[in-house]
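Each chain, letter by letter, is given below.
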Amino acid sequence: MKNEKSVRPVKSLHEVENNEVGDVRPASDIESRRPRVCMVGAFHSPTFSGRVASELLVASRGVELAIAASERVSYLHQKEFSISAFVDKVLARPESGRYRLWIMPVFALPPSIDQGEFWTVTEFDAINPDVKALKRLKNLDVVWVTSEEHAKACIKAGIKKEVVRVFSMPVNQRTFHPRVPCPTRYAPEKNVFRFIVSGSPLKRKGIEDVLHAYIKEFKPHEKVELVIKLTHLPKIKKDFDYEITDLRKKLGALNRTFAKVTIIAETLADIEYAGLLASADAYVAAGLSFNSAVSVREAMSCALPVIGPDYLANIAGLTEQSGFLLSTNELQLAPGELYASSPACKVRQLNAEKLAAAMREAVTCCNKARKMGLVGQRFMKKQPDWKSFAADVAKIAGERFSLQKS
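Now for a look at the structure at hand. (Residues numbered from 1 in each chain as written. Predicted model: local features only at pLDDT ≥ 70, side-chain atom pairs only at ≥ 80, totals over all residues. Heavy atoms only, no water.)

### Concerning the overall build of the protein
Scanning the protein from N- to C-terminus turns up 13 helices and 15 strands. Counting only residues that meet the buried cut, the protein has 56% of its 406 residues in that class. (Helix = DSSP H or I, 4+ residues; strand = E, 2+ residues; numbered from the N terminus. Buried < 20%, exposed > 50% of the residue type's maximum accessible area, 1.4 Å probe, protein only.)

Below is the structure:
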């Protein structure tokens, strides 16, 4: 159990957005003999922040990096979300560290911190970036982004080139691979082609587009299944502009007049989610925008062909050999539709007919789709792992600490 006297109250990302960030106390090891990095993230959350924060924290054990951790509650904070015993142990310690590494989307980063250096591992839509939001990165000492496309957007927004570093989004190959067993309760039927789409019940995730394309293309008697893995059902009473508030009603209306659709809204541990991915035959990524595309890369690690927009080639490494790359149409969104406090913006939406056709092709040419998945898996195996990323963080910390000491 955490010592409440030594651990400060957790703040939410909404509080962070409102600039209530005065809780960052002076680092206790400013005069220490080695650098210490405090990782700030949404650890109990199946998101980019939760995934990166937890994996990076665990990987840091092997690179002799002194670490601490601080949790911030996100939109997807889930108390029952499973994290490693080591992460729990570090979260129970008092916070300390000259270097504060915030692992958050750009829009959720605070404008500044009280003490120490301000670093970030961040995500944002690199295709149609919010330039105003990117401006807050000017106050940071080190910025890690997930692709060259993201780095270009940062530099174009006026961020100094020397502070921007690129890391290819790692995936834990011991967790995400094609042989991990599927949870028994969600085991697929024999000889049924299974599509899967996963994410939050948000408009930008494109879940409705996948559902409509699937129902229109496939008939009830066909041996196909669409699995919609939701992090949770929509919070109807909250009525967020960026959430699909009527999704629960739409999903409840599914019946035998449509091809099979399975809705999973329970919280799954990483290994269970990996097993669910591995049980599928194709992953559908129909989002209106992608920040880090971590879900796409996890699907590729499980040897799934990915059906998605052509620009995933630039941010996730997807190619025509590892997936079905589709053209998109421009779509204008009103303020608050993309995420909390988002400005009016343009996004890219998959063409409905092309999406349906690609899903049909994946079923008809299942051997081709299977080979695509294997190509994607081989690509992911060649990518740097979490320990490599942790080593880069440790190197930067060591260099900056030596300069400051001298």
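### Here's the deal with the packing of aromatic side chains
Two aromatic rings, taken as a pair, are described by how far apart their centres are and by the angle between their planes. Scanning all chains against the criterion turns up twelve aromatic pairs. Between Phe 167 and Phe 389, the ring centres sit 4.1 Å apart and the planes meet at 5°, which makes this aromatic pair stacked. Pair noted here: Phe 167 is in the loop between β7 (164-166) and β8 (193-199) and Phe 389 is in helix α13 (residues 386-405), with a separation of 222 residues, a long-range link. Phe 389 sits in the buried class, given a relative accessible area of 4%. (Phe/Tyr/Trp six-rings, centres within 6.5 Å; stacked < 30°, edge-to-face > 60°.)

### What about the packing of helix α2 (residues 48-59) against α13?
Contact pair α2 / α13: the axes reach a minimum separation of 8 Å and the direction vectors enclose 80°. Between α2 and α13, the interaxial angle falls into the category roughly perpendicular. On the side of α2, the interface is formed by Arg 51, Val 52, Glu 55, Leu 56 and Ala 59, while α13 contributes Trp 386, Lys 387, Phe 389, Ala 390 and Val 393. Residue classes in the contact of α2 with α13 are distributed as seven nonpolar, no polar and three charged. (Axes fitted to C-alpha atoms, helices over the stretch in contact; angles between N-to-C directions. Parallel < 35°, antiparallel > 145°, perpendicular 65-115°, else oblique. Contact = heavy atoms within 4.5 Å. Nonpolar A, V, L, I, M, F, W, Y, C, P; charged D, E, K, R; others polar.)

### Thoughts on the sheet that holds strand β10 (residues 260-264)
In sheet architecture, strand pairing relies on hydrogen bonds along the backbone and comes in two forms, parallel and antiparallel. The parallel open sheet is built from six strands, whose spatial order is β10-β9-β8-β11-β12-β13. In this open sheet, the two strands that pair with only one neighbour each are β10 and β13 (323-326). Each adjacent strand pair in this sheet contributes to an overall mean axis angle of 20°, direction not counted. Here two bridges tie β8 to strand β11 (residues 282-284), and the two strands are oriented parallel to one another. Within β11, the position partnered with Phe 195 by the bridge is Ala 282. Helix-sheet contacts for helix α6 (residues 207-217) involve β8, β9 (224-230), β10 and β11, and the interaxial angle to β9 is about 165°. (Pairing = 2+ DSSP bridges.)

### A look at the side chain of Thr 175
As for its position among the elements, Thr 175 is in the loop between β7 and β8. Since its relative accessible area comes to 16%, Thr 175 is described here as buried. Residue contacts for Thr 175: discarding those within four places in its chain leaves Val 180, Asp 270, Ile 271 and Ala 274.

### As for the nonpolar core
Grouped together as the largest cluster of nonpolar side chains are 54 residues, with contacts concentrated most on Leu 137, Leu 277, Tyr 283, Val 296 and Leu 312. At the level of secondary structure, the elements contributing two or more residues to this core comprise β4 (99-105), α4 (131-134), β6 (142-145), α5 (148-156), α8 (270-278), α9 (294-301) and α10 (312-316). If near-sequence neighbours (up to four positions away) are discounted, Leu 137 is found in contact with Val 106, Leu 109, Thr 120, Val 143, Cys 154 and Ile 159. Core analysis: the next-biggest nonpolar cluster, separate from the first, contains 37 residues, Val 87, Tyr 99, Val 142 and Trp 386 among them. (Core = buried A, V, L, I, M, F, W, Y, C linked by side-chain atoms within 4.5 Å.)

### What about helix α12 (residues 366-381)?
An ideal rise of 1.5 Å per residue puts 22 Å on 16 residues; α12 measures up with 23 Å between its terminal C-alpha atoms. Where α12 is concerned, the buried positions are Ala 369, Met 372, Gly 373, Gly 376, Gln 377 and Met 380. Looking down the long axis of α12, one finds its buried residues gathered within 140° of arc, a one-sided arrangement. Along α12, exposed side chains directed more than 90 degrees from the buried face belong to Lys 371 and Lys 381. On its buried face, α12 is in contact with α9, β13 and α11 (352-364). (Expected span 1.5 Å × (residues − 1). Arc of directions from axis to C-beta.)

### A few points about the pattern of salt bridges
It is possible for side chains bearing opposite charge to pair when their charged atoms get close. Per the stated rule, a full pass over the model turns up 16 salt bridges. The partner of Arg 185 in a salt bridge is Glu 266, and the shortest N-O contact between them spans 3.0 Å. With Arg 185 in the loop between β7 and β8 and Glu 266 in the loop between β10 and α8, this residue pair connects regions lying 81 residues apart in the sequence. Its relative accessible area of 47% is what places Arg 185 among the partly exposed residues. (Salt bridge = Lys/Arg side-chain N within 4 Å of Asp/Glu carboxyl O.)

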